Structures are given as structure tokens and as C-alpha cells.
Amino acid sequence: MSTRDLLRGLPVLAHEMPPFDPADTPDAPVPLFASWLAGAIDAGVDEPHAMTVSTVDVDGWPDARVLILKDLDAAGWHFATTSTSAKGRQLAANPRLALSFHWREQGRQVRVRGTARPADPDVSRRDFLARPEGSRIATLAGRQSAVLPDRTELDRELAAVRARLAADPDLVAEGHTVYTVAPETVEFWQADRERRHVRLRYRRAATGWERELLWP
Ligand SMILES: Cc1cc2nc3c(=O)[nH]c(=O)nc-3n(C[C@H](O)[C@H](O)[C@H](O)COP(=O)(O)O)c2cc1C
């Protein structure tokens, strides 16, 4: 079978999906996101806190990668990474970014557009110290996004960091940074098997949030 036929034979949005009534939604997007996230967790969605983070580099090339959502509050969506990584450098030059979540079991997608700001260094430090040891070792060892000429270099560095961390358990990776994404628009997309998909977009306005429906 050709790849094309194989792909065209795969079902999409064909399973049972939860209802979504856009008339019955809160004034602001964060509470709705929190309730969709809780729904995804309850439904057993794998890694429901994984999101695609899209940035733009100084030449205007878009870039995207998956990161973990670390927190959500009135200030927005929080993630953590290394400030000297490719994405960290891109955000330093242009803090505009997009986040996208896809909860396929529920036919749901959320798209956030906004700006990312580094959190207070103390917040980043606490976040680092709360991470599992393996993640701390990987970040302490890593020059994330730099070219690695040889994987034995990585193994050597990991072993060296393990020894340093055993001697000083409170070591913190310098570049580890929590970023807070303040949203400008947040779109909630609910699939419908009859293709009457629902799109509800929150748009930041002078007086709060405006809500509007979009053609699917
Ligand atoms: C499920 C998943 C979760 C990830 N979580 C993170 C994360 O929280 N922070 C991070 O820096 N990289 C995370 N990564 C790795 C990134 O996708 C990416 O490879 C790395 O951050 C380097 O990106 P950059 O070169 O664009 O800066 C994750 C990857 C996957 C697949």
C-alpha cells in the first residue's frame, strides 16, 4: 500500500468526544484551560501537560519543540528550560511565542499566543531544586542545543556532574529559567464527528477578555 493510501485510510476525529458549549464558559481563558486540563487528566490522556512551544528566530524562521507545562495561574502558562538554548536565545530577542496543546482522545486543541518573560531568579532556582535528580543532572551537564561532536563527551560530563552533585546536592544550573507566558489570545477547539467543530477564541481587550466564535 502506498504511504498516501495508508494515510488516507487512517481515521481522524471518528471516536466519541466530549461536548463543549461555548455559551457556558468563564469570562477568562485560564479557568477554562484548567478545566480542560483536568478533563484530559481524568480521561487518561498521555502526557496531557506536553505542549508544542513555537518561537521565531532572528531571521524570522519559525521553530517549534515539545516542552512540559510546569504551572498555570492568573499570570499565565509556565515552562522551564535553559536560557542559553536555541529557544532561550530566540525568546531573548523576541518574546512572542505560541503554545499548542492537543488532547487527541478528546478531540481537543488549545492554542495560546502571547509573550514569555523569565520569572524571578529565585523562582527558577526553586523550580530547579524541586526537579528529580536525573533531570537536574541532565541540565547541569548540558549545553542545551549546542553541537555535540561525540556522545562519549556527554557520558563523561554526566559522570562528572553526578560526582559534583553528590558532593553538593544544592547545585543549581545557572541557565535554568522558568518562563511565564502572558496570553494575548487563547483558542479552544473542540472537534465534532459531524465536522461542526467549535472554535472559541478569547482575545485580550482593554477592559478584560473578549470572546468570539470562529468558523471551523
Ligand atoms: C515530552 C517532552 C517533554 C519535554 N520537556 C522539556 C522541558 O520541559 N524543557 C526543556 O528544556 N526541554 C524539554 N524537552 C526537549 C525539547 O523538546 C527540546 O528538544 C529542547 O528543549 C531543545 O530545544 P531548542 O533547541 O529548541 O532550545 C521535552 C521533549 C519532549 C518530547
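Refer to the structure printed above.
Residues numbered from 1 in each chain as written. Predicted model: local features only at pLDDT ≥ 70, side-chain atom pairs only at ≥ 80, totals over all residues. Heavy atoms only, no water.

Asker: I keep staring at the site of the ligand and nothing clicks. Help me out?
Answerer: Within the structure, the ligand sits among E47, R65, V66, L67, I68, A80, T81, S85, A86, K87, Q144 and S145. A distance of 3.4 Å separates an oxygen atom of the ligand from a polar side-chain atom of S85. Take Q144: an N or O atom from its side chain is 3.1 Å from an oxygen atom of the ligand. In isolation the ligand offers 620 Å² of accessible surface; the protein chains occlude 63% of this area. Within the residue set of the shell around the ligand, elements represented by two or more residues are β2 (62-68), β4 (76-82) and α3 (86-93). Here the shell around the ligand takes four residues from β2, the largest share from any one element. A per-class count over the shell around the ligand returns five nonpolar, four polar and three charged. (Near = heavy atom within 4 Å. Polar contact = N/O pair within 3.5 Å; in protein donor to acceptor, adjacent residues only side chain to side chain. Areas by Shrake-Rupley, 256 points an atom, 1.4 Å probe, with all protein chains shown as cover. Helix = DSSP H or I, 4+ residues; strand = E, 2+ residues; numbered from the N terminus. Nonpolar A, V, L, I, M, F, W, Y, C, P; charged D, E, K, R; others polar.)

Asker: Just checking my understanding: could you explain the pattern of salt bridges for this structure?
Answerer: Oppositely charged side chains may form a pair once their charged atoms are brought near each other. In total, this model carries twelve salt bridges according to the counting rule given. Linking D27 and R211 is a salt bridge whose minimum nitrogen-to-oxygen distance equals 3.2 Å. With D27 in the loop between α1 (3-8) and α2 (29-42) and R211 in strand β9 (residues 208-213), this pair connects stretches of sequence that are 184 residues apart. Overall, the relative accessible area of 58% leaves D27 in the exposed class. A salt bridge links E184 to R204; the shortest N-O distance between them is 3.5 Å. In this pair, E184 is assigned in strand β7 (residues 176-190) and R204 in strand β8 (residues 198-205), connecting sequence segments 20 residues apart. Under the relative-accessibility criterion, E184 is labelled partly exposed at 40%. (Salt bridge = Lys/Arg side-chain N within 4 Å of Asp/Glu carboxyl O. Buried < 20%, exposed > 50% of the residue type's maximum accessible area, 1.4 Å probe, protein only.)

Asker: Mind showing me how you'd approach the packing of helix α5 (residues 133-141) against helix α6 (residues 151-167) here?
Answerer: Each packed pair of helices is defined by two parameters, the angle between the axes and the distance between the axes. Two elements in contact, α5 and α6, have axes separated by 9 Å at closest approach and are oriented at 120°. Classed by the angle they form, the pair α5 and α6 counts as oblique. Considering the relative orientation of α5 and α6, their crossing is right-handed. Judged by residue contacts, E133, R136, I137, A138, L140 and A141 of α5 engage E157, L158, V161, R162 and L165 from α6. Residue classes in the contact of α5 with α6 are distributed as seven nonpolar, no polar and four charged. (Axes fitted to C-alpha atoms, helices over the stretch in contact; angles between N-to-C directions. Parallel < 35°, antiparallel > 145°, perpendicular 65-115°, else oblique. Left-handed = near helix turned anticlockwise from the far one by under 90°. Contact = heavy atoms within 4.5 Å.)

Asker: What is the right way to look at the side chain of H197 in this model?
Answerer: Within the secondary structure, H197 is located in the loop between β7 and β8. Classification of H197 as buried rests on a relative accessible area of 14%. Here the side chain of H197 touches D192 through a polar contact of 3.0 Å, landing on its backbone nitrogen. If we ignore the near neighbours within four places in the chain, the residues touching H197 are L13, W189, Q190, A191, D192 and P216.

Asker: Honestly, the packing of aromatic side chains in this entry has me stumped. Any pointers?
Answerer: What describes a pair of aromatic rings is the distance from one ring centre to the other and the angle between the planes of the rings. Evaluation of the coordinates by the stated rule reveals eight aromatic pairs. Aromatic side chains F33 and W103 sit 5.6 Å apart centroid to centroid with 50° between the ring planes, which places their arrangement in the tilted category. In this pair, F33 sits in helix α2 while W103 sits in strand β5 (residues 96-103), placing the two residues 70 residues apart along the sequence. A relative accessible area of 1% means that W103 is categorised as buried. (Phe/Tyr/Trp six-rings, centres within 6.5 Å; stacked < 30°, edge-to-face > 60°.)

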